[in-house]
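As a plain string of letters, each chain reads:
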Amino acid sequence: MVMVGAGGASAAGVGQPAEWQFGFQGAVTPVMERVTGFHNFLLWIITGVVALVTVLLLIVMVRFNRRSNPTPSKTTHNTLVEVVWTVVPVLILLAIAIPSFRLLYFERVVPEAEMTVKATGNQWYWSYEYPDQEDLSFDAILLEGDALQERRKIDPGAPRLLATDNPIVVPVDTTVRLIVTASDVIHSWAIPSFGIKIDAIPGRLNEAWFRANKIGTYYGQCSELCGQGHAYMPIDVRVVSREDFDAWQQQAESEGVEEANKMLFSRLNDGNGNQVAAAE
Ligand SMILES: [Cu+2]
């Protein structure tokens with residue numbers, strides 16, 4: 001199979017899964033950078049706890065089994081040990097809780113946004129609106145079969161089950177407020193590399209934000225079981241340069257989204273898959 005969309009080892013697992021990937025997809029927003037950092041921090045704590053418990057268990061098994069310790073001690077209380085095994089777990093929980101709540105609030109509080117995108121979950125596709133622009137709205141339908149083959153002519157990296165006919169297009173280094181809702185049942189809008197997973201609930205507006213710091217293509221999937229087509233309503237985001245975004249937006253307003261996307265793909269396609277590197 002041809003490696004598509006990865007654009008070399010450095011990009012593997014950013015925006016979409018890579019073969020043999022072990023950890024998270026690479027972070028391209030401040031939220032996901034912190035999520036990844038918090039995860040790595042927790043890993044140290046977990047490893048320490050597991051190691052300590054394992055060592056204690058081994059000591060008990062070796063030193064206090066029936067053969068090596070035929071007459072067990074009758075001790076029932078040891079104040080020092082009891083204080084230690086109460087205070088140390090409390091300290092560990094505090095060390096986890098404080099950064100955890102800080103991160104929650106960092107995700108939760110939307111900073112001053114430069115633009116807004118509204119996502120609506122439907123059975124089984126997403127539709128998008130750019131409320132800052134008049135008449136800029138479209139559906140994003142999974143590309144499959146011939147439509148996918150056709151798309152690969154202008155967007156060679158388009159992966160199966162992740163690419164949609166109309167991607168969301170946003171400029172790089174721009175704070176985007178994301179408003180999420182649903183028209184029928186509960187869905188969930190999620191992009192691993194953005195660190196976003198937010199429920200789309202009928203009759204309710206949920207809010208999230210992202211500020212992608214790297215030009216590229218980032219995929220996600222509906223993450224709340226929503227019926228038969230749940231696996232077939234992916235999320236396809238193109239983070240592009242300011243110039244590309246402005247050109248796309250103008251074209252979308254004058255000629256429609258389909259034409260704007262064709263033009264965008266021709267601008268983005270450097271013959272190297274769709275992970276176009278920043279024009280540095
Ligand atoms: Cu869904």
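Scoring rules and cut-offs
Residues numbered from 1 in each chain as written. Predicted model: local features only at pLDDT ≥ 70, side-chain atom pairs only at ≥ 80, totals over all residues. Heavy atoms only, no water. Helix = DSSP H or I, 4+ residues; strand = E, 2+ residues; numbered from the N terminus. Rg over C-alpha atoms; globule rule 2.2 N^0.38 Å. Buried < 20%, exposed > 50% of the residue type's maximum accessible area, 1.4 Å probe, protein only. Domains from an automatic or database assignment. Contact = heavy atoms within 4.5 Å. Buried area = accessible area lost by both parts, 1.4 Å probe. UniProt positions renumbered as here; feature names shortened; annotations may be inferred. Core = buried A, V, L, I, M, F, W, Y, C linked by side-chain atoms within 4.5 Å. Pairing = 2+ DSSP bridges. Axes fitted to C-alpha atoms, helices over the stretch in contact; angles between N-to-C directions. Donors = N, O, S within 2.8 Å, 3.2 Å for Na, K, Ca; no water. Tetrahedral: all angles 85-135°; square planar, octahedral: opposite > 155°, others 65-115°.

**Structural notes on the overall build of the chain**
Right, so step 1: Helices and strands together make up the secondary structure of the chain, namely 5 helices and 10 strands.
Right, so step 2: Compactness check: the chain gives a C-alpha radius of gyration of 25 Å against a globular reference of 19 Å for 280 residues, more than 25% above the reference.
Right, so step 3: When its C-alpha atoms are laid out on the principal axes, the chain stretches across 90 × 45 × 40 Å.
Right, so step 4: Sorting the 280 residues of the chain into buried and exposed places 39% on the buried side.

**Description of the domain arrangement of the chain**
Buried accessible area, meaning the area lost when the parts come together, often serves as the stated size of an interface.
Right, so step 1: Domain boundaries in the chain define domain 1 (30-68 + 79-108) and domain 2 (115-269).
Right, so step 2: Using C-alpha coordinates to define each centre, domain 1 is positioned 39 Å away from domain 2.
Right, so step 3: Between domain 1 and domain 2, the contact holds 6 residues from the first and 7 residues from the second.
Right, so step 4: Taking both partners together, domain 1 and domain 2 bury about 590 Å²; carbon and sulfur atoms supply 53% of that area.

**Thoughts on the UniProt feature "domain: Cytochrome oxidase subunit II copper A binding" (unreviewed entry) in the chain**
Right, so step 1: Those places that UniProt annotates as "domain: Cytochrome oxidase subunit II copper A binding" (unreviewed entry) correspond, in this numbering, to residues 112-251.
Right, so step 2: Each end of residues 112-251 is marked by a C-alpha atom, and these two atoms are 27 Å apart; helix forms 14% of the span and strand 40%.

**Concerning the nonpolar core**
Right, so step 1: If you look at the biggest cluster of nonpolar residues, it comprises 44 residues, and the most contacted ones within it are Trp126, Tyr128, Tyr130, Trp189 and Phe194.
Right, so step 2: Apart from the residues lying within four places of it in its own chain, the contact partners of Trp189 are Ala119, Trp126, Tyr128, Ile168, Leu178, Val180, Ile196, Lys197, Ile198, Phe210, Ile235 and Val237.

**Considering the sheet that holds strand S4 (residues 168-171)**
Sheet strands associate in pairs through backbone hydrogen bonding, adopting either a parallel or an antiparallel arrangement.
Right, so step 1: Strands sit in the order S4-S10-S9 across an open sheet of 3 strands; the sheet is mixed. This sheet does not close on itself; its edge strands, each paired only once, are S4 and strand S9 (216-221). Here the average twist between neighbouring strands, direction ignored, is 25 degrees.
Right, so step 2: In this sheet, strand S10 (residues 234-240) lies alongside S4 in parallel orientation, the contact comprising 4 bridges. Opposite Val170, over in S10, you have Val239 as the bridge partner.
Right, so step 3: Its contacts with the sheet put helix H4 (residues 242-255) on S4 and S10, and the angle it makes with S4 is roughly 135 degrees.

**Brief notes about the sheet that holds strand S1 (residues 115-122)**
Right, so step 1: Taking strand neighbours across the sheet as the criterion, the 5 strands line up as S3-S2-S1-S5-S8 in an open arrangement whose pairing is mixed. The sheet terminates laterally at strand S3 (137-140) and strand S8 (206-210), the two strands that pair on one side only. The sheet shows a mean angle of 25 degrees between the axes of neighbouring strands, direction not considered.
Right, so step 2: As defined by bridge partners, S1 adjoins strand S5 (residues 176-182) across 7 bridges and the pair is classed as parallel. Within the sheet, the bridge partner assigned to Thr120 lies in S5 and is Thr181.

**A word on the coordination of the copper ion**
Right, so step 1: With distances of 2.0 to 2.7 Å, the protein atoms coordinating the copper ion are His187 (ND1), Cys222 (SG), Cys226 (SG) and Met233 (SD).
Right, so step 2: Coordination at the copper ion is tetrahedral: its 4 donor atoms span angles of 92 to 127 degrees at the metal.
Right, so step 3: Donor residues binding the copper ion come from one chain and are separated in sequence as H-x34-C-x3-C-x6-M.

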